Amino acid sequence: MTGRQALRSETARGTLAGFTAYGVWGLFPLLFAAMAPAGPWEILAHRILWTLLLCGVLLTLMRDWSWILPLRRQPRLLAGVTAAAFLIATNWVVYVAAVTSGNTSDAALGYFLNPLATVALGVVVLHERLRPLQWTAVAVGAVAAIYLAVVAGEFPATALVLAVSFALYGLVKNKVGVALPALHSLSLETAILSPVAAIILVIVAFTPAGMTFGTGIGHTGLLVFSGVATAIPLLLFAAAARRIPLVTIGLIQFITPILQLLCAVLLLGEQLPTQRWIGFGIVWVALILLATDSVLKVWSTRSSSTPG
């Protein structure tokens, strides 16, 4: 196999992994809806604990535990991973709460807004300079949020929390988490969250509704499977990120909210008023501008690097 063929093969594998990861994430509403009557906190706790167990099994099979002890000498890394863990836990529980309460479209809106939140954080936190199309996209996204709050009569709190929490998670991972491979990072994050997950299950057990784990083989199986469903797309995403350009990842990621919205409207029976569709339309205009800017930047970079 020539070098060019090997590169094409790696790119194809990365693209497939990326499509699969974002496709699985897009179908999560169906999984969480099927877990009823389990509530968002119980589902969150099971996701954390079963993901940790799966990571432990994988690390054992790979005999890959030697990286843990040196972490004691890296307090900054541990602090960053801890922050990332609680950000992703916030994202998970708000997302599941939206789905189980019949508001999957809010979750979809959040992940449509996520790229815009990421760009905005780049300006506020990293003091990055935006190109004109990026500024326009952020402005249009802000118009969408204002429209939904004023005209549609409902402040998109769930969507904004999802967008900002995941953008902050990405920022923290980019700053301090790149030193850890995907499996190590996921293992550490879920290990940090596991005491909280155990406490949540104890509290849920003493609520009037009680825990639903063990109420039936099928339902119990879904809660256990949540660990696999959490880990696999994250590992596939890590594999994709190593093989394909960031701009490709940025375009593929829109699969997730598109599938979420389709699940909400076509399969979960959610009704979206006209004002909400208009709000989505404004967001889509912002995303088209952002995607156009990314593609033009890549073309410009390639043109300038090509010998003339």
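Now for a description of the structure that goes with this document. (Residues numbered from 1 in each chain as written. Predicted model: local features only at pLDDT ≥ 70, side-chain atom pairs only at ≥ 80, totals over all residues. Heavy atoms only, no water.)

## Section: helix 9 (residues 217–243)
For the record, the criterion: Secondary structure elements follow DSSP: runs of H or I no shorter than four residues count as helices, runs of E no shorter than two count as strands, and numbering proceeds from the N terminus. An expected span of 1.5 Å times one less than the residue number is assigned to each helix. Bend is the name given here to the angle between axes fitted to two runs of seven residues, the run ending at a residue and the run starting at it. Each residue is assigned to one of three classes by its accessible area relative to the maximum for its type, calculated with a 1.4 Å probe on protein chains only: buried under 20%, partly exposed between the two thresholds, exposed over 50%.
An ideal rise of 1.5 Å per residue puts 39 Å on 27 residues; helix 9 measures up with 39 Å between its terminal C-alpha atoms. Of all the bends found along helix 9, the most pronounced is centred on F225 and spans about 30°. For helix 9, the complete set of buried residues consists of H219, T220, L223, S226, G227, A229, T230, A231, P233, A238, A239 and A240.

## What to know about the packing of aromatic side chains
Which entries qualify depends on this criterion: Between the rings of Phe, Tyr and Trp (Trp by its six-membered ring), a pair exists once the centres lie within 6.5 Å; its type follows the angle of the planes, with under 30 degrees stacked, over 60 edge-to-face, and the other angles tilted.
Per the counting criterion, the structure on display carries twelve aromatic pairs. A ring pair is formed by Y22 and W25, whose centres lie 5.3 Å apart and whose planes are at 70°; its orientation type is edge-to-face. Remark: W25 and Y22 occur in helix 1 (residues 3–26); sequence separation between them is three residues, near one turn of the helix. Grouping residues by exposure puts Y22 and W25 together as buried. Taking 6.0 Å as the distance between ring centres and 75° as the angle between the ring planes, the aromatic pair formed by Y111 and F166 counts as edge-to-face. With Y111 in helix 5 (residues 104–124) and F166 in helix 7 (residues 157–177), this pair connects stretches of sequence that are 55 residues apart.

Geometric descriptors of this kind do not, in isolation, establish any biological role.
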